[in-house]
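A look at the structure
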Amino acid sequence: MATLVQPPSKPWEANHNVSIICPDCRETPANLVEEFSSGDMVCGSCGLVLGDRIVDTRSEWRTFSNDDQGNDDPSRVGDGANPFLNGSQLETSISYTPGGAGRDLHRAQSKATAQKNNNKTLLAAYKEIGAFCDSMGLLKNVSDSAKQLFKRVDDNKSLKGKPQEAIIAGCIFIACRQERVPRTFREIFALTKVPKKEIGRVFKQLEKVFNEQQRTEEAEALANGADPAHTNTASGYKTTSSTKAHDLMIRYCNNLHLTQQCTAIAQELSAKAANLGTLAGRSPISSAAACIYLVSYLMKQPKTAKEISLVAGVSDGKPFPLTLSFPTQN
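Residues numbered from 1 in each chain as written. Predicted model: local features only at pLDDT ≥ 70, side-chain atom pairs only at ≥ 80, totals over all residues. Heavy atoms only, no water.

Let us now look at the environment of E268. One can find E268 in helix α8 (residues 260-276). As a C-alpha pair, E268 and C291 span 23 residues in sequence and 9.4 Å in three-dimensional space. (Helix = DSSP H or I, 4+ residues; strand = E, 2+ residues; numbered from the N terminus.)

What follows is about α8. Between the first and last C-alpha of α8 there are 24 Å, a value that for 17 residues agrees with the 24 Å anticipated at 1.5 Å per step. For α8, the set of buried residues is C262, T263, A266, Q267, L269, S270 and A273. The buried residues of α8 occupy an angular sector of 165 degrees when projected down its axis, which confines them to one face. Projecting away from the buried face of α8 at angles above 90 degrees are the exposed residues Q260, Q261, E268 and N275. (Expected span 1.5 Å × (residues − 1). Buried < 20%, exposed > 50% of the residue type's maximum accessible area, 1.4 Å probe, protein only. Arc of directions from axis to C-beta.)

The next point concerns the side chain of K147. Relative to the assigned elements, K147 resides in helix α3 (residues 140-156). Here K147 sits buried without a salt bridge, and the closest side chain of opposite charge, D144, lies 4.5 Å off (N-O distance). In this structure K147 touches F84, Y126 and I129, once residues within four positions along its chain are discounted. (Lys, Arg positive; Asp, Glu negative; His and termini not counted. Salt bridge = Lys/Arg side-chain N within 4 Å of Asp/Glu carboxyl O. Contact = heavy atoms within 4.5 Å.)

Under the definition given, this model contains 4 aromatic pairs. Judged by centre distance (4.4 Å) and plane angle (15 degrees), the ring pair of F173 and F185 falls under stacked. Of this pair, F173 sits in helix α4 (residues 164-178) while F185 sits in helix α5 (residues 185-192); the two residues are 12 residues apart in sequence, bridging distant segments of the chain. Taken together, the ring pairs in this structure connect F173, F185 and F203 into an aromatic cluster. (Phe/Tyr/Trp six-rings, centres within 6.5 Å; stacked < 30°, edge-to-face > 60°.)

Our focus in this paragraph is the side chain of R183. Relative to the helices and strands, R183 resides in the loop between α4 and α5. It is E187 that comes nearest to the buried, bridge-free R183 among opposite-charge side chains, at 4.5 Å. From its side chain, R183 meets the backbone oxygen of V181 in a polar contact 3.2 Å long. Look past the residues within four positions of R183 in its chain and what remains in contact with it is M136, L138, F173, C176, I188 and R251. (Polar contact = N/O pair within 3.5 Å; in protein donor to acceptor, adjacent residues only side chain to side chain.)

Let's shift gears to the sheet that holds strand β1 (residues 32-35). Taken together, 3 strands build an open sheet; the order of strands is β1-β2-β3 and the sheet is antiparallel. Each edge of the sheet is formed by a strand with only one pairing partner; in this case those strands are β1 and β3 (49-52). Each adjacent strand pair in this sheet contributes to an overall mean axis angle of 20 degrees, direction not counted. Of the pairings in the sheet, the one linking strand β2 (residues 40-43) to β3 comprises 3 bridges and is antiparallel in character. Each bridged residue has a counterpart across the sheet, and for D40 the counterpart in β3 is D52. (Pairing = 2+ DSSP bridges. Axes fitted to C-alpha atoms, helices over the stretch in contact; angles between N-to-C directions.)

Moving on, we get to the pattern of salt bridges. Applying the stated criterion across every chain, the model contains 5 salt bridges. Note that K151 and D155 form a salt bridge whose closest N and O atoms lie 2.9 Å from each other. With K151 and D155 both in helix α3 and 4 residues apart, this pair spans about one turn of that helix. One salt-bridge network, in which partners are shared between bridges, spans K162, E198 and R201.

Per-chain confidence: the chain averages 79 in pLDDT, with 78% of residues scoring 70 or above. When the elements of the chain are averaged for pLDDT, helix α11 (residues 319-324) gives the smallest value, 46, and α4 the largest, 92. The model gives residues 318-324 a pLDDT under 50, and that stretch makes 14 contacts with residues more than four places away or in other chains. (pLDDT = per-residue confidence, 0-100.)

Moving on to the environment of K196. Summarising the element assignment, K196 is placed in helix α6 (residues 196-223). Classification of K196 as partly exposed rests on a relative accessible area of 41%. In sequence terms K196 and A169 are 27 residues apart; their C-alpha atoms lie 9.8 Å from each other. If we skip the residues at most four places from it in the chain, K196 touches F185, R186 and F189.

In this structure, I129, F150, I168, I172, I188, L206 and F210 are the most contacted members of the largest nonpolar core, which totals 35 residues. Within the residue set of this core, elements represented by two or more residues are α2 (120-136), α3, α4, α5 and α6. Here the element with the most residues in this core is α4; it accounts for 10 residues. With residues near it in sequence (within four places) discarded, F150 still touches L122, A125, Y126, I129, Q164, I167, I168 and C171. L248, L256, L258 and V295 belong to the second largest nonpolar core, which has 21 residues in total. (Core = buried A, V, L, I, M, F, W, Y, C linked by side-chain atoms within 4.5 Å.)

This paragraph deals with the pairing of β2. By the bridge criterion, 4 bridges tie β1 to β2 in an arrangement that is antiparallel. Bridge pairing in β2 places V33 opposite V42. From the end of β1 to the start of β2, which pair antiparallel, there are 4 residues, and G39 there has a positive phi angle of about 75 degrees. Counting the residues that bridge the hairpin from β2 to β3 gives 5 residues, and of these G47 lies at a positive phi of roughly 85 degrees.

Here it is as structure tokens:
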């Protein structure tokens, strides 16, 4: 006859969970009601007060500003301070009310604010920069860097007479280089519709202006007895180098759905070609396309010249002579 085996009983443990119950009702779970109007915690069954000074953690009000016809928003706080805008941004805004003194006060404040800082131009430019960066799939740090560069240009009035679209295109181009996600002039042109020659001219002027500002700030830091190498200047500008084929390789290989191993080999090949001077005089786009074309066939992941040209933006015939003239190492 089989005997039932009793499971081993768990050793006794003290229950340290704190729970509030009514000493009169002793209901489990307790029927507790928090009366925030009086600040008391009351038993819902017998009415015994179990606690006082209860803090109301709910919102102070409910906002129906979208449905309110009178445009009465009870919110007492505004947006957070935007470091890319001028002014303290902590002043009180007077809402517009048709007729009476409210309209005159709103008009007077608008004039005073416009005289102090004109943020409308900056806001429009920031909106355009954000839209461009989003359409290219760039991260927020690239967009913020481009906004900071544009603000420096706007504050110093460095490029007077230049169209705003060209300045925005140049700032995005420099921001992409600084954040190590470079884009070509052709890609910026396809995005902003600013001619490539104009982007190149604005880029050189911006580089010159930013480098001069950097040198000025370093000279001021040196005059004050600080070490420029260990001093964070207000500009924080980093001089960028020209785009290399190695920098474009990861993005192109990802768009072609190549494996990580194939991408790494293509990067190494482009770096070696640059050191040997094999592709000297060729554009970084053509060099990257040639390396991808060669490596894709060597790694049994062949990509046609047309597929690579659609991603890199080069003609179909350019990768072939480049790959055929690539030297071999013993």
